[in-house]
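# Topology and contacts: notes
Next come the chains, spelled out residue by residue.
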Amino acid sequence: MNCIVIVEKNDNKIENSSLECVSIANKISENVIVVTDIQDEKIVKSINADTLLVIDDIDKISLYNEEIKKYEDSIFIMSDSLINKKIASQLSEIFKLPVVSNIINLKVLNSGFFCESSSYNNNVISGINIQSGGCIFLIKNNSFEIHTSNHKESELIYLKSKRKHLFQIKILEKKDVNNKISLSDAKIVISAGRGLKSSENWEMIEKLADLLGAATACSKPVSDLGWRPHSEHVGQTGIKISPEIYFAIGISGAIQHLAGVNSSKKIIVINIDSDAPFFNNADYGIIGDAFEIIPEIIQYLEKIKNVKS
Amino acid sequence: MNILVCISCVPDTTSKIVFNDNKLAKDDIQFIIGPYEDYALSRAVELKEENESINISVLNVGLKENDSLLRRSLAVGADSAFRINVNPNDSNQVSSLIADFVSENKFDLILMGKESTDFNSGIVHHLVGSKVKYNSLSPVSSLSIVDNTTVEVNLEKKSSIEKIQVSTPVILGCQEPIADWKIPNMRGIMKARSKEINIIEKEEKEMKVKYENFTLPPKRSEIKYFAKDNISDLLEELKIFK
């Protein structure tokens, strides 16, 4: 069985979520084919696969279906990202394969596959049996380990397509989201809520995030008030994340907020209100004033940084 | 302009999800129109308020129990309602059924939510788009009509937000702040009573993807509290130094 993996870039680096997918592929398949639009040869060659197919734009993968069709009897593995949802749908139609999303566990059976998917806003794990020779798996971020051992000798192929994309769109304006670290791919997320009282007080949140190499996020009321951009809003109607560590500062922990963050591996809640419901869904808690605690954490981290340097 | 809004019927976010013998215990659950689809429907109604010639159809793939939510959609302002009478199994099946319906009817705009809040796949719009060869964009946080064949949307991407003009027909996955949720008024409720819900019968096909069992994720261990004075112990335990 061949395994085709889509590898995404983030500032020309490989996304951690894509490395998870490469690791799964190497575990379950003898022949791993990576498709990516990362052009830097050194970075591409660091990916552990038998074949590396470099295309111009991953968004237009359907234009390369003839080349991909050469790998018969294939399954597809990619992270469950916005762009991959579209890619998976195109591949599903081309190869007549089913798609399953939010995958947190995957097993190859003698006939077909068994996988587990996170559903009902991370409140339920669904066990899914797939009776199909192939399938497209969308992997939930931070659900599998990354293995870097036994690097294979790979064949690198650059592909060009002369065909035009089916749909034309006119981009009138493009605003970059000013997140230094991608929220969906971050290992640590520092999130704050209305407890911070005003947008000016985010300076300490950004400083803390900077010291930890973390992404910043916020609750819905904060983005509704315009204190932070909507692109930082995590929760049921915002972005859903599953980092290693989630700091919730001055966030009460309404069920709608939890729906977007409850698959974080470790949750640390800092809140002045000891009755805040978030404490019932956290691993660590500090009851106290964020305006005293955050500067204290920053001071401690800076001290360590100085000692190290 | 003909707009189709596809709605899912999902448990209210505050409902406790319980499975008995791998079946969702529906009796204790309040079902609602998916929050994202509610945004899509609300935006369609806003557009109709600006332009009376717009016609809004609402579609659900599901069983009879969903009729009350289709009627609610009519009360909010949709013109007609359709239900494909099949038990929804997964994104692949639902998107095939919607694609058949879209192929048989002419719609300029097909609005869905960014994702349904039960299985959270967020992929049905793209699957339908691939099947009927329409463009699909998701998530979009604003939508306006430019002319009969063009709409303008804000499309959210991983690291940017793009303002885009796109030709119809197009499928959009909606999310806030595209519109404010609408609550049906008495006049709408009375009007909706006399409208028919069109039932479409389809044969249930053999599924390649079968949901076999449902379990609860492992519970978090008991919370460990740290006082302000021993924050360093917490940071040591987390091992998060850059």
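Because the structure is predicted, anything quoted here is derived from the model rather than measured.

Inspection of the entire model under this criterion finds 26 salt bridges over all chains. Glu-302 of chain A serves as the salt-bridge partner of Lys-207 of chain A, at 3.4 Å between the closest nitrogen and oxygen. Placement of the pair is Lys-207 of chain A in helix α5 (residues 203-212) and Glu-302 of chain A in helix α8 (residues 290-308), with a sequence separation of 95 residues. Put simply, Asp-224 of chain A and Lys-220 of chain A hold a salt bridge, and the shortest N to O gap is 2.8 Å. You can see Asp-224 of chain A and its partner Lys-220 of chain A sitting in helix α6 (residues 220-224), four residues apart, about one turn around the helix. Owing to a relative accessible area of 29%, Lys-220 of chain A belongs among the partly exposed residues under this scheme. A cluster of three or more residues bridged by salt bridges with shared partners is formed by Glu-93 and Lys-96 of chain A together with Lys-131 of chain B.

All names here are of chain B. Residues Met-186, Ile-189 and Met-190 make up a contiguous nonpolar surface patch of roughly 300 Å² in combined accessible area. Tracing the backbone through its elements, the reader meets Met-186 in helix α5 (residues 186-193). A residue is classified by how much of its surface remains accessible, and Met-186, at 58% relative accessible area, is exposed.

Take the sheet that holds strand β15 (residues 224-225) of chain B next. Pairing in this open sheet of six strands is parallel, and the strands run β14(A)-β13(A)-β15(A)-β16(A)-β17(A)-β15(B) from one edge to the other. Two strands bound the open sheet, and with one partner strand each, they are β14 (215-218) of chain A together with β15 of chain B. Contacts between α5 of chain A and the sheet are confined to β13 (188-192), β14 and β15 (245-249) of chain A, with β13 of chain A contributing the most and set at about 175 degrees to the helix. α8 of chain A contacts β15, β16 (266-271) and β17 (284-287) of chain A of the sheet and is inclined by roughly 130 degrees relative to β16 of chain A.

This part is about α8 of chain A. Taking 1.5 Å as the rise per residue, α8 of chain A with 19 residues should run 27 Å; its terminal C-alpha atoms sit 27 Å apart, in good agreement. If you check which residues of α8 of chain A are buried, you get Ala-290, Ile-293, Ile-294, Ile-297, Ile-298, Tyr-300, Leu-301 and Ile-304 of chain A. Buried residues along α8 of chain A cover an arc of 160 degrees about the axis, so they all sit on one side. Every exposed residue of α8 of chain A that faces more than 90 degrees away from the buried side is listed here: Gln-299, Lys-303, Asn-306 and Val-307 of chain A. Packed against the buried residues of α8 of chain A are α5, β15, β16 and β17 of chain A together with α6 (231-238) of chain B.

Cut-offs applied
Position numbers for residues start from 1 in each chain and track the written sequence from start to end. Ligands are numbered from 1 and chains lettered from A, in the order in which they are written. Only residues with pLDDT of at least 70 get local features here, since the model is predicted, and only at 80 or more are side-chain atom pairs given and counted; chain-wide, interface and lining totals rely on the full set of residues. Note that water and hydrogens are dropped before the side-chain values are worked out from all heavy atoms of the structure. We define a salt bridge as a contact between a side-chain nitrogen of Lys or Arg and a carboxyl oxygen of Asp or Glu at a distance within 4 Å. Secondary structure elements follow DSSP: runs of H or I of four or more residues count as helices, runs of E of two or more count as strands, with numbering from the N terminus. Burial classes follow relative accessibility: with a 1.4 Å probe on protein chains only, a residue under 20% of its type's maximum area counts as buried, one over 50% as exposed, and anything between as partly exposed. A residue counts toward a patch only above 30% relative accessible area and without a salt bridge, and it is joined to like-charged neighbours within 9 Å or, for Val, Leu, Ile, Met, Phe, Trp and Tyr, to nonpolar neighbours within 5 Å. Residue exposure ignores everything except the shown protein chains as possible cover, and the areas themselves are Shrake-Rupley values with a 1.4 Å probe. At least two DSSP bridges between two strands are required for those strands to pair. Only heavy atoms matter for contacts: two residues are in contact if any of them lie within 4.5 Å across the pair. Helix axes use the C-alpha atoms of the stretch in contact, all axes being lines fitted to C-alpha atoms, and the angles between their N-to-C directions lie in the range 0 to 180 degrees. Here the expected length of a helix is defined as 1.5 Å per residue gap, with one fewer gap than residues. This arc corresponds to the set of directions leading from the helix axis out to the C-beta atoms.

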